[in-house]
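This is what each chain is made of:
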Amino acid sequence: MGPVIPRILSSELHTHPFPYFASDNVVSSAYLDEIKSNWPALEKFTKTDGYGYYVLPIDAPHLLQNLQPAQSVFWEEFSNNAMLQIVYGSLAKYAEFIFDRYGPELDRVEIVNLFLCESDDEFYAAGAHNHSHDPTWLFTNLVYINDGGSSIRGSQLYDFDGDIPNTESPLLDVLAGTPCGNRPDGLSPARYIDFVPGRMISFFETPFSYHGSEPVTKEDLVKQGPARKPRRMIRMHVRAPLEFCEKFYNIGIDEYRPKKLSGEANATTIGWLRDDLSCYQRSLEKSSSDLSPGMLDYISSLDIKWVTGRERDISRYRDL
Ligand SMILES: [Fe+2]
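This report concerns the structure included in the present document. (Residues numbered from 1 in each chain as written. Predicted model: local features only at pLDDT ≥ 70, side-chain atom pairs only at ≥ 80, totals over all residues.)

1. Quick look at the overall build of the protein
Within the protein, the secondary structure is distributed over 11 helices and 11 strands. Expected size for 320 residues packed as a compact globule is a radius of gyration near 20 Å; at 19 Å, the protein falls within 12% of this value. Reported as C-alpha extents along the three principal axes, the dimensions of the protein are approximately 50 × 50 × 35 Å. Summarising the internal contacts of the protein: among those between residues at least 6 apart in sequence, 83% fall at separations of at least 24. (Helix = DSSP H or I, 4+ residues; strand = E, 2+ residues; numbered from the N terminus. Rg over C-alpha atoms; globule rule 2.2 N^0.38 Å. Contact = placed C-beta atoms within 7 Å.)

What follows is the structure, encoded as structure tokens:
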């Protein structure tokens, strides 16, 4: 499979429009071929509403039971090996940002979702959105598997016409008042990451980590070449424990989430954003690309849990 963590650590961490990195050949080409050959048939997937693709969650053993036995074994091993290396490598990339927000109290992180995703020419459109409905999500990773030779169905990252919100910005009202699944006024494309097989795009979750994909027409795809195959990727989200929602906002996740999903703007929700951004701005000011020994220890000490209850021996992946 190759050295996943060093590959991630050597990729460049960008901070505009929000922290993100793209890591090419995150797994070896031989392992990528194995992923492709063990990819389940589309009939095993479930069509999602509003997100433009079909998904197959694989983050619990019972979800693998309907697959062919060899596929089941492969994805179990993926979850227990490549996946955990990807998570530790990503945690290390965002170490300073994570420490500034969660501090030494953080002793574990949780894998919320691990999905295989597939879409076809007819069914693909993920508009601009962010994930602030879950304020303890740390990062999202997308591992690109294949797209029939096309590269134009990658990921779009957005800012506000070159700007990003800060604690004094009038954009706070806009952010608070926009449901986090919707595109707010003033949002514009900032960075585009091509779809390249074996590339992983990872972004750190902030209240303005707007991402998605601009519509692509069949004609656009045809221009790139005649071969059209399903677009496939692996998606994962990793979060800090939900207790931190209570700690940051004095409110449980079940009360917090609806306010973000509906875009409730008031003094309280705007105050939350201001606090979040204040912490984030402090991180940005001191952020350096070098991982200090202290941060390395911090990340290595974190336990990884699955919200599905899946148990894993993670000890062998902590050697950063
Ligand atoms: Fe998303």
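Now that the structure has been shown, we can carry on.
2. Quick notes on the pairing of strand S6 (residues 155-159)
The pairing of S6 with strand S7 (residues 188-193) spans 5 bridges and is classified as antiparallel. Paired with Leu157 across the bridge in S7 is Arg191. (Pairing = 2+ DSSP bridges.)

3. Here's the deal with the sheet that holds S6
By way of backbone hydrogen bonds, the strands of a sheet pair with one another, either parallel or antiparallel. Overall, antiparallel pairing links the 3 strands, which are arranged S7-S6-S9 in an open sheet. Whereas interior strands pair on both sides, the edge strands pair on one side only; in this sheet they are S7 and strand S9 (211-212).

4. Some remarks on the environment of Leu296
Relative to the helices and strands, Leu296 resides in helix H11 (residues 293-300). On the basis of neighbour counts, which here come to 13 C-beta atoms within 10 Å, the residue Leu296 falls in the partly exposed class. Note: C-alpha distance between Leu296 and Ala92 (204 residues apart in sequence) is 6.9 Å. (Buried ≥ 20, exposed ≤ 12 C-beta atoms within 10 Å, placed from the backbone.)

5. Concerning unusual backbone geometry
Each neighbour pair has its own omega, and for His16 with Pro17 the value is 5°, a cis peptide bond. Within the element layout of this structure, Pro17 appears in the loop between helix H1 (4-9) and strand S1 (20-23). Phi at Asn25 takes a positive value of approximately 50°, unusual for a residue other than glycine. Examined against the element boundaries, Asn25 turns out to sit in the loop between S1 and helix H2 (29-37). Look at Asp161: it is not a glycine, yet its phi comes out positive at around 55°. Position of Asp161 among the secondary structure elements: in the loop between S6 and helix H6 (171-177). Given 9 C-beta atoms within a 10 Å radius, Asp161 is considered exposed.

6. A few points about the environment of Asp120
Relative to the elements of secondary structure, Asp120 occurs in the loop between strand S4 (108-119) and strand S5 (137-146). Judged by C-beta crowding, with 14 C-beta atoms within 10 Å, Asp120 ranks as partly exposed. Linking Asp120 and Tyr210, residues 90 residues apart in sequence, is a C-alpha distance of 23 Å.

7. Here we look at helix H9 (residues 253-262)
Among all positions of H9, only Tyr256, Lys259 and Lys260 are buried. Take H9 and look down its axis: the buried residues cluster within an arc of 95°, on one side only. When the buried face of H9 is taken as reference, the exposed residues oriented beyond 90 degrees from it are Asp254 and Pro258. Residues of H9 that are buried in the fold lie against helix H8 (243-249) and helix H10 (267-286). (Arc of directions from axis to C-beta.)

8. Some details on the packing of helix H5 (residues 95-102) against H10
Axes are the key here: two packed helices are described by the angle between their axes and the distance separating the axes. Packing of H5 against H10 leaves a shortest axis separation of 9 Å and a crossing angle of 140°. Viewed along their axes, H5 and H10 adopt a mutual orientation that is oblique. You can see that H5 and H10 cross each other, and the crossing is right-handed. Residues Glu96, Phe97, Asp100 and Arg101 of H5 form the contact with H10, whose participating residues are Cys279, Arg282 and Ser283. Class assignment of the residues belonging to the contact of H5 with H10 gives a composition of 2 nonpolar, 1 polar and 4 charged. (Axes fitted to C-alpha atoms, helices over the stretch in contact; angles between N-to-C directions. Parallel < 35°, antiparallel > 145°, perpendicular 65-115°, else oblique. Left-handed = near helix turned anticlockwise from the far one by under 90°. Nonpolar A, V, L, I, M, F, W, Y, C, P; charged D, E, K, R; others polar.)

9. A closer look at the packing of H5 against H11
In the contact formed by H5 and H11, the axes pass within 10 Å of each other and the chain directions differ by 75°. By the angle class used here, H5 and H11 are roughly perpendicular. Contact residues: H5 offers Ala95, Glu96 and Phe99, while H11 offers Met295, Tyr298 and Ile299. In the contact of H5 with H11, the residues fall into 5 nonpolar, no polar and 1 charged.

10. A few points about the nonpolar core
Counting residues in hydrophobic clusters, the biggest one holds 71 residues, and the most contacted among them are Met83, Val87, Leu91, Tyr94, Leu138 and Val143. With residues near it in sequence (within four places) discarded, Val87 still touches Ile111, Val238 and Ile304. (Core = buried A, V, L, I, M, F, W, Y, C linked by C-beta atoms within 7 Å.)

11. Quick look at the pairing of strand S3 (residues 54-57)
Within a regular strand, the side chains alternate between the two sheet faces. Of the two faces of S3, the one holding Tyr54 and Leu56 is buried and the one holding Val55 and Pro57 is not buried anywhere. For S3 and S4, the ladder comprises 4 bridges, and the chain directions are antiparallel. Note that in S4 the partner of Pro57 across the bridge is Phe115.

12. Remarks on the environment of Ala70
With respect to the element layout, Ala70 can be found in helix H3 (residues 69-80). In the structure, Ala70 is positioned 201 residues away from Gly271 in sequence and 51 Å away in space, judged by C-alpha atoms.

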